[in-house]
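A structural walkthrough
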Amino acid sequence: MSGVSGEKAEYLVSQSTLMCLTVLSGSGPQDAIVGLAKCSGKVRQQWYIQSGLWEWGGDRSLCLAPDEKNRRLCLAPCVSSQVAWALDSSDRLTYGGSLVLDVPWQKPQTSVILYPKHDGSNQKWWLLSDLQSRADTTGPPPSAPALLHIRQQESLQCRSNAEAPDYLISQSTHTVLTVVNGSRGSDAVVKMAAYSGSPQQQWYPKDGVWHWGQDQSLCLAPDWNTHNLTLAPCDSSAPIWCMNHRGIMSCESWVLDVPWEEPRVRVIVYPHMHGEENQKWWTLSTLKINENLSNSCARNTHTYNQELARSLVNRLCHPCEPLPCQRNVSQFPGLVSPHAVRVSTIITLDLSTLGQRQNLRMTTPEDWQATDLYVRDGEAFQVILPESLSHHKASQITVRVGAHCDHLQPSSDNLKRSTFKRMPVVTEEFDVEPGINNLRSQYGGNLIFTFDEGENFVVNIEVKNVVKVPHYLLGKTSKSEWDECKSGDVPYSVLETGSVVLIVPSPAASTITSPSNLLCRYDRVIQLLNDLAGFDSSDPPPRGKQWLVEDVQVTAGSAHAGFPAMFCQEYYELCSLDTPHSWVIWHELGHNYQQSKWWSYAYGSESTVNLFSLYIQETLTGEDRLKKEHRYSKTAKAVDDGLTFKDADCWQKLVFLMEIKHAFPDSGWEMYRTLNRTTRALSPKEADTLASGLQNQYDYVYQVLSRAVGADLLPHYQRWSLPLSQQARHTVSQLGLQKSPRDLALRS
């Protein structure tokens, strides 16, 4: 190889990093720093081989030379250089026979030194021309295809010319590169900002030079003194930007980077490419041409992130303009019938009561107001607030389209072994102001209003260009009215009572013959949940309604609690008359009533929740699932054989709690009502202390239940090897209570 010569630029590529030998900075023998940078095709990476001399593409009067004193590389005048570089049979670049070019393993692996020979890959190199010739004949080395692809992609990105403006979108912030201030190189401030479509955010890439949309004689440039970005004249020395296949944007060997410090509006040039998300970018043009998320790429994080970015671009596009990225909602949420009549209507928004008591210590309903309206996908609609309404009051109102709130991610439990059955995010929220608000949802969905705490008031608003939804309101909608509207033209219908809202597929809703019977059953479940939680007239239950929503895919399990509680319609049909009397409803809504970190989790999250399930089952059916499945007797035997509370499963821990209930029938369920009431009555300081450690919670429940049943439950805890502190034991002993039997097990 030492005899190779030519007039074509050559590139030297490290086999261990797939980066190119580059003059990273400087331009002469005194200041040149030679190291590695990603392959970009720039002149700083080009070398012309002339009989062993490596002339630098940036100035062919200078050649690659060893700095033997510092064991690094430098540039030296070609006329005085006596160095002859050669690639040996092991792909090592040598001079003088003993020292070779070596890439140290220390991150970020951009240094190149002179080092004695060995066989490590960090001393092995390719010439790009050699790679290309091997690809044409015997095939490239294993890593070469990726390298060639990167080169091709980067070359295309550098040469791309745009007649229409483009936008640079950060993959980590979903904000857009913007000239936020100034209009010249001397005063321009370039940062990240929310997408607006303004000329300050527009760029025209031409041969790697990014011309600014507001003044195309100015181009994007790094400020090498501050490492910020600025504008510079688009002359012959304008900086060249390249974006590789991973979305990393570079100039020279530096990359565009959005630092992690909040509020994340800065953008800098950074000396090292680490490839994390804050160094990755999209252009709007590439997002538009890529396909939407599909089942085949459900675990492809890059494609998933692109889908989120396309969703963002659509949301930020003006409602009167065509959607930049078209959506297909035929599978989900579904299409509105082409025969559906668009309506305008007046709605009363009731913000007369807002917020919740601060001591409920449970998952409380949010301030959502359902409507009988549906927004068609991709179609503008209007929400008109009175001009007389203050901006402060208007800021308390949010327009939500869609109740399907689960944000699906490749890491979601249900996506680890499956594929996406719908778009990752299909609901949208919009802030509104007094006057006319032009809005658009790219997916469509049920129209919902949500409220923030603040002033209490009632206001009438107007909504235009929406579609009516089949909506049954218990106590208001008549049977004949339901029969008339239930075969609606929209994908999802609304069933509502004073305590619960159901969002269900319209085809299933249309089969309901007696919605009042169905909804009365749901109301009864909520009533029983409130009862076991210990709410009464002096300690009222949470204000607001529990929402239950059917979806084609949820983040975890076949259903999950929260607000809203989500149910996969493959397994559950919320509008079936049997569903309110099923365990899944009691279980998921029971999670919302758990007092979590204050005591429920210590005794088992999936155990204590089923106290609610068992109570509702016993009240409605007279049955006890634990008895029916022989869990009491099986668990008793396991404890006899040495099972401890710590090692028990969720059903066995539930038996521990239910054994107390059955052993003291005079107290029965009232002991758990007392426990819930007592926990709500704790002061914030007492609650924080309780939540600070498991031992505190073990002790707390022991003390409360012992008082509630009138017996010291220490023997029961000892049988299950559930540790109690000496202080807790002393506190209960001071009450003078008789010890409970050690064995409270139900063995029949």
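Each value, and the rule that gives it
- Residues numbered from 1 in each chain as written.
- Predicted model: local features only at pLDDT ≥ 70, side-chain atom pairs only at ≥ 80, totals over all residues.
- Heavy atoms only, no water.
- Helix = DSSP H or I, 4+ residues; strand = E, 2+ residues; numbered from the N terminus.
- Buried < 20%, exposed > 50% of the residue type's maximum accessible area, 1.4 Å probe, protein only.
- Axes fitted to C-alpha atoms, helices over the stretch in contact; angles between N-to-C directions.
- Parallel < 35°, antiparallel > 145°, perpendicular 65-115°, else oblique.
- Contact = heavy atoms within 4.5 Å.
- Nonpolar A, V, L, I, M, F, W, Y, C, P; charged D, E, K, R; others polar.
- Disulfide = S-S within 2.5 Å.
- Patch = residues over 30% accessible without salt bridge, like charges linked within 9 Å, V, L, I, M, F, W, Y side chains within 5 Å.
- Areas by Shrake-Rupley, 256 points an atom, 1.4 Å probe, with all protein chains shown as cover.
- Salt bridge = Lys/Arg side-chain N within 4 Å of Asp/Glu carboxyl O.
- Lys, Arg positive; Asp, Glu negative; His and termini not counted.
- Charge placed at Lys NZ, Arg CZ, Asp CG, Glu CD.
- Phe/Tyr/Trp six-rings, centres within 6.5 Å; stacked < 30°, edge-to-face > 60°.
- Expected span 1.5 Å × (residues − 1).
- Pairing = 2+ DSSP bridges.
- Polar contact = N/O pair within 3.5 Å; in protein donor to acceptor, adjacent residues only side chain to side chain.
- pLDDT = per-residue confidence, 0-100.

So, about unusual backbone geometry. Glycine aside, residues mostly have negative phi angles, and peptide bonds mostly take the trans form. Note that the residue after Phe332, namely Pro333, is joined by a cis bond; omega there is -5°. Secondary-structure assignment places Pro333 in the loop between helix 4 (301–316) and strand 25 (342–351). Cis geometry marks the peptide bond from Phe563 to Pro564; its omega dihedral reads -10°. With a phi close to 60°, His174 is a non-glycine residue in the positive phi region. As for its placement among the helices and strands, His174 is situated in the loop between strand 13 (168–170) and strand 14 (176–181). Of the residues examined, His174 reaches a relative accessible area of 21% and is grouped as partly exposed. Phi is positive for Arg361, which is not a glycine, with a value near 50°. Inspection of the secondary structure assignment puts Arg361 in the loop between strand 25 and strand 26 (368–375).

This part is about the packing of helix 16 (residues 694–709) against helix 18 (residues 726–733). The interhelical angle for the contact between helix 16 and helix 18, taken along N-to-C directions, is 10°, at an axis separation of 10 Å. On the basis of the axis angle, helix 16 is roughly parallel to helix 18. For the pair formed by helix 16 and helix 18, the contact residues are Asp699, Tyr702, Gln703, Ser706 and Arg707 on the first element and Ala728, Arg729, Thr731 and Val732 on the second. Its residues assigned to classes, the contact of helix 16 with helix 18 comprises three nonpolar, three polar and three charged.

So, on to the state of the cysteines. Taken as a whole, this structure holds two disulfides when the rule is applied. Across a sulfur-sulfur distance of 1.7 Å, Cys219 and Cys234 are joined as a disulfide pair. Because the sign of the S-S torsion sets the handedness, a value of about 115° for the bond joining Cys219 and Cys234 places this disulfide among the right-handed ones. Residue Cys219 is found in strand 18 (residues 218–222), and its partner Cys234 is found in the loop between strand 19 (229–233) and strand 20 (241–243); the two are separated by 15 residues along the sequence. Look at Cys219 and you get buried, because its relative accessible area is 1%. Here Cys485 stays free of any disulfide, with the sulfur of Cys575 as its closest cysteine sulfur at 14 Å. Cys575 sits in the buried class, given a relative accessible area of 7%.

Another aspect to go through is a negative patch on the surface. A surface patch of like charges, here negative, comprises Asp431, Glu433, Asp452 and Glu453. Summarising the element assignment, Asp431 is placed in strand 29 (residues 428–431). Among the residues examined, Asp431 registers a relative accessible area of 66% and is labelled exposed.

Attention now moves to the pattern of salt bridges. Enumeration over the complete set of coordinates arrives at 29 salt bridges. With its nearest N and O atoms 2.8 Å apart, the salt bridge here joins Arg680 to Asp539. Of this pair, Arg680 sits in helix 14 (residues 670–680) while Asp539 is found in the loop between helix 8 (515–532) and strand 36 (546–551), placing the two residues 141 residues apart along the sequence. When the shortest N-O distance is used, the salt bridge between Arg631 and Glu629 registers 2.7 Å.

Applying the stated rule across the entire model yields 23 aromatic pairs. When the ring of Trp583 is compared with that of Trp651, the centres are 6.2 Å apart and the planes differ by 40°; the resulting orientation is tilted. One end of the pair, Trp583, is in helix 9 (residues 583–593); the other, Trp651, is in helix 13 (residues 650–663), and 68 residues separate them in sequence. The exposure classification of Trp583 matches that of Trp651, with both residues buried. Between Phe645 and Trp720 the ring centres are 6.4 Å apart and the planes differ by 70°, which places this aromatic pair in the edge-to-face class.

Our focus in this paragraph is helix 16. Here helix 16 contains 16 residues, and its C-alpha end-to-end distance of 23 Å stays within 8% of the 22 Å for a straight helix at 1.5 Å per residue. Residues Gln697, Tyr698, Asp699, Tyr700, Val701, Tyr702, Gln703, Val704, Leu705, Ser706 and Val709 constitute the buried set of helix 16. Packed against the buried residues of helix 16 are helix 13, helix 14, helix 15 (684–691), helix 17 (714–719) and helix 18.

Among the six residues in strand 27 (residues 380–385), five count as buried, and that is most of the element. Alignment of strand 27 against strand 32 (residues 457–468), held across three bridges, turns out to be antiparallel. Within the sheet, the bridge partner assigned to Val383 lies in strand 32 and is Val463.

This part is about the sheet that holds strand 20. Taking strand neighbours across the sheet as the criterion, the four strands line up as 20-21-22-23 in an open arrangement whose pairing is antiparallel. Edge positions in the open sheet fall to strand 20 and strand 23 (268–270), since each of these has one partner strand only. For this sheet, the mean inter-axis angle between neighbouring strands, taken without regard to orientation, is 40°. With two bridges joining them, strand 21 (residues 249–251) and strand 22 (residues 254–257) adopt antiparallel strand pairing. Counted as the bridge partner of Ser250 is Val255 from strand 22.

Here we come to the environment of Asn244. Topologically, Asn244 is positioned in the loop between strand 20 and strand 21. Among the residues examined, Asn244 registers a relative accessible area of 8% and is labelled buried. The sequence separation of Asn244 and Leu529 amounts to 285 residues, and the corresponding C-alpha distance is 56 Å. Of note is the side chain of Asn244, whose polar atom sits 3.0 Å from the backbone nitrogen of Ile248.

Turning next to the confidence of the model for the protein chain. Predicted confidence across the protein chain gives a mean pLDDT of 89, with 92% of residues reaching 70 or more. In this model residues 291–299 is a low-confidence stretch, pLDDT under 50, and it forms 25 contacts with partners more than four residues away in sequence or in other chains.

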